[in-house]
Amino acid sequence: MLNNINPVKTKAWQKLQTHFETVKSQHMRQMFESDPQRFSKFSILNDEILLDYSKNRINEQSVELLIEFAKECKLESAIEAMFKGEKINETEGRAVLHTALRNFTDKELIHEDVNILNLIRKEQDKMKSFTQKLHSGDWKGHSGKKITQIVNIGIGGSDLGPVMVTEALKPYWIKGIETYYVSNVDGAHIFETLKKLDHERCLFMIASKTFTTQETMTNADTAKKWLIEKYNGVDSVVKSHFVALSTNTEAVRSYGIDPKNMFEFWDWVGGRFSLWSSIGLSIACTIGYENYESLLRGAEKMDKHFRNSDFKNNMPVMLALLGIWYNNFFKCETHSILCYDQYLHRFAAYLQQGDMESNGKSVDRNGKSIDYQTGSIIWGEPGTNGQHAFYQLIHQGTKLIPSDFIAAAIPHHHLQDHHNKLLANFFAQTEALMKGKSESEVLEEIKDLAPEKRDKILPYKVFKGNIPSNSILINKLSPEVMGSLVALYEHKIFVQGILFNVYSFDQWGVQLGKQVAQGILPELENDLQIDSHLSSTNGLINTFKKFRNG
Ligand code: F6P
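The notes below deal with the structure included here. Residue positions within a chain follow its written sequence, with the count starting from 1. Owing to the predicted nature of the model, reporting of local features is limited to residues with pLDDT of at least 70; listing and counting of side-chain atom pairs is limited to 80 or more, with chain, interface and lining totals taken over all residues. Water and hydrogen atoms play no part in the side-chain values, which are based on all heavy atoms of the structure.

### Comments concerning the site of the ligand
Next up, step 1: Around the ligand, the surrounding shell holds 13 residues, and the nearest of these are Ser-158, Ser-208, Thr-210, Thr-213 and Glu-357.
Next up, step 2: One nitrogen or oxygen atom from the side chain of Glu-357 is found 2.6 Å from an oxygen atom belonging to the ligand. Proximity is defined per residue: if any heavy atom of the residue lies within 4 Å of a molecule or strand, that residue is considered near it. Two N or O atoms count as a polar contact when they lie within 3.5 Å, although within protein this holds only if one can serve as hydrogen donor and the other as acceptor, and sequence-adjacent residues are included solely when both atoms are side-chain atoms.

### What to know about helix H20 (residues 479-500)
Next up, step 1: Secondary structure elements follow DSSP: runs of H or I no shorter than four residues count as helices, runs of E no shorter than two count as strands, and numbering proceeds from the N terminus. A helix is expected to reach a length of 1.5 Å times the quantity of its residues less one. Over its 22 residues, H20 runs 32 Å from end to end, which matches the ideal 32 Å to within 8%, given 1.5 Å per residue.
Next up, step 2: Working definition: with a 1.4 Å probe on protein chains only, accessible area under 20% of the residue-type maximum means buried, over 50% means exposed, and in between means partly exposed. Burial analysis of H20 places 21 of its 22 residues in the buried class, the great majority of the element.
Next up, step 3: Immediately beyond the C-terminal end of H20, within one or two residues, lies Asn-501, with a positive phi of roughly 65 degrees.

### As for the sheet that holds strand E13 (residues 469-476)
Next up, step 1: Paired strands are those between which DSSP finds at least two bridges. The mixed open sheet is built from 6 strands, whose spatial order is E1-E2-E13-E12-E10-E11. Taken across any chain shown, the strands that pair with only one partner, and hence form the sheet edges, are strand E1 (43-46) and strand E11 (377-379). Neighbouring strand axes in the sheet, compared pairwise and without regard to direction, differ in orientation by 15 degrees on average.
Next up, step 2: Packing of helix H14 (residues 315-329) onto the sheet brings it into contact with E1, strand E2 (49-52), strand E12 (403-410) and E13, and relative to E1 it is tilted by some 150 degrees.
Next up, step 3: Set on the sheet, H20 makes contact with E2, strand E10 (334-340), E12 and E13; between it and E13 the angle comes to about 155 degrees. Helix axes are fitted only over the stretch in contact, all axes being lines through C-alpha atoms; the angle between N-to-C directions runs from 0 to 180 degrees. When checking whether two residues touch, look at their non-hydrogen atoms; a contact exists if any pair is within 4.5 Å.

### Things to note about the pairing of strand E5 (residues 149-153)
Next up, step 1: Within E5, 5 of the 5 residues are buried, which leaves it mostly tucked inside the rest of the structure.
Next up, step 2: With burial as the criterion, each face of E5 is covered, one bearing Gln-149, Val-151 and Ile-153 and the other bearing Ile-150 and Asn-152.
Next up, step 3: Relative to strand E6 (residues 178-182), E5 runs parallel, the two sharing 5 bridges. Looking across to E6, one finds that Gln-149 is bridged to Glu-178.
Next up, step 4: Regarding topology, helix H7 (residues 160-168) serves as the crossover connection from E5 to the parallel E6, and that connection is right-handed.
Next up, step 5: As paired strands, E5 and strand E7 (residues 202-207) are joined by 5 bridges and run parallel to one another. The partner of Val-151 across the bridge, within E7, is Phe-204. Crossover handedness is defined here as right-handed if the route from the first strand over the helix to the second strand goes clockwise, with the strands pointing away from the viewer.

### Re the nonpolar core
Next up, step 1: Remark: nonpolar core denotes a set of buried residues (Ala, Val, Leu, Ile, Met, Phe, Trp, Tyr, Cys) joined through side-chain atoms within 4.5 Å. Within the largest apolar cluster, 120 residues are counted, with the highest numbers of intra-cluster contacts made by Phe-130, Trp-325, Phe-347, Ile-472, Met-482, Tyr-489 and Phe-494.
Next up, step 2: Looking at this core element by element, the count peaks at 12 residues for H20.
Next up, step 3: Non-local contacts of Phe-130, meaning those with residues more than four positions away in its chain, are made with Trp-139, Leu-203, Met-205, Val-243, Phe-263, Leu-281 and Cys-285.
Next up, step 4: Counting residues in each nonpolar core, the second largest holds 27 residues, with Ile-206, Phe-211, Val-252 and Ile-257 among its members.

### A look at the sheet that holds E7
Next up, step 1: Taken together, 5 strands build an open sheet; the order of strands is E6-E5-E7-E8-E9 and the sheet is parallel. Strand pairing shows two members of the sheet lacking a second neighbour, E6 and strand E9 (262-264), which therefore form its edges. Each adjacent strand pair in this sheet contributes to an overall mean axis angle of 20 degrees, direction not counted.
Next up, step 2: The pairing of strand E8 (residues 242-246) with E9 spans 3 bridges and is parallel. Each residue of the ladder has a partner; that of Leu-245, found in E9, is Phe-263.
Next up, step 3: Relative to E9, helix H6 (residues 116-136) is tilted by about 145 degrees, and along the sheet it contacts E5, E7, E8 and E9.

### Side note on the side chain of Thr-99
Next up, step 1: With respect to the helices, strands and loops of the structure, Thr-99 is situated in the loop between helix H5 (75-84) and strand E3 (110-111).
Next up, step 2: Every residue in contact with Thr-99, bar those within four places of it in the chain, is listed here: Phe-83, Asp-303 and His-491.

### What about the packing of helix H4 (residues 60-72) against H14?
Next up, step 1: Remark: H4 packs on H14, axes separated minimally by 10 Å, with the N-to-C direction vectors making an angle of 105 degrees. Considered as vectors, H4 and H14 are oriented roughly perpendicular to each other. Contact residues: H4 offers Val-63, Leu-66, Ile-67, Phe-69 and Ala-70, while H14 offers Met-318, Leu-321, Ile-324 and Trp-325.
Next up, step 2: Nonpolar residues are Ala, Val, Leu, Ile, Met, Phe, Trp, Tyr, Cys and Pro. Charged residues are Asp, Glu, Lys and Arg, and all others, Gly as well, are polar. Residue composition of the contact of H4 with H14, by class: 9 nonpolar, no polar and no charged. To sort the angles, those under 35 degrees are grouped as roughly parallel, those over 145 as roughly antiparallel, those from 65 to 115 as roughly perpendicular, and the leftovers as oblique.

Next comes the structure, spelled out in structure tokens:
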């Protein structure tokens, strides 16, 4: 059981509030000038990942108080509760054990009287042998041809993790394999994907924890219909072209997929934490099982770091505490994820679900309405593209936006000139955000202008600076480092949920929209005028009907 501590009522929170008043107007420029040790004090190196958090509006006392806060909220025991499999997802009555999926220990992990590590190994062996059969051509399509195209049909956690990782690890793709992801119920998604497929060589992976999700089942139905039509009505083709990734064996069976072709996982794996389970089958088939295992091992490495490091040297804990510092004291609404790595172009989208579905909550663990801020709005695009789009607002807008900058030292290509330019921007941006540009610096720059022109342009060229950022520099975006990076953010999200005193592993908030849509769907199947909703919704539906009828 998790504790129920209102963060705002802790002694450390009150101390942080007082401390904030002294720190909030200090400029990081002065902080760096007065302390040459700032980088070594406020950075953590864990093997192939460096977290530099020195460009934050903090001093040593801030870190001490933030850690005191985490301790007062009993973070240590919450971490243990998660790893040991206590039912910390209390609103769904479930344990939270995605870490078990990457636990390579030979010890036991008993959950409800079963050593779940045995269950996991069995399923992983099945995934491994399937992956090998697919690559060797032993698993064949209905007409005997080798499978070369994989289509993962899933949404949310059954899509975002796998698609993000396969994109990130593109340099590791097995030659000859093409992988596609279909998530949106918008027919355009499956329609455009089917155009690229060879029905004799494609394999559909229906990825759904519940196997009831409307979007996924609709796309699966369309894919099934398309396949059977291509094979002139032969229903049995499903056997060689469809597999299921799910917890729901009965639904898989009644859908017509033989449970032998189902890769199982369990209710203690949250959807948004499921890429480590059989939901990761598309990853394994795309990059090979060995690389997939390295991904898991990288995550395990971060799990150990998280579980065993003291808070000051603990990357997920420090990222979480800094996030709370800005979210709850500076009152920042958003946090941006800026990856200086094209391969990580889906990372921010993936973290949107991870973070916002987990901590976008307003009822605490006592069932009481919350009167402080919880989860941030997460957003971002890869650098340097973002620089030419929205950085203006970060540099000179009226909102304070903390960011995480992520880059790899070693690229996956030989275009060193590109990489130096990319990294120069990565290093430059955090420095520019921190330092800004003072009036005197601008004046020096424009000293040759006529005085009238100079005075007019001066205020526009000044940057206040003092904009916080974390820099995460990794060695190379290998499967192992990728695993560590994802686990780093998973644990950051977990820590924040504990400290916000919310339940991070449910997602009741996505239900309402689904229910309303279910009510509206039959109303769209005829041309009758609607008056049962808000006037706005009635007006929209009735206009839609008018438009579609030309
Ligand atoms: O959007 C809600 C949600 O339940 C997510 O948490 C989940 O990842 C997604 O739907 C997909 O669910 P499933 O894997 O059961 O199809």
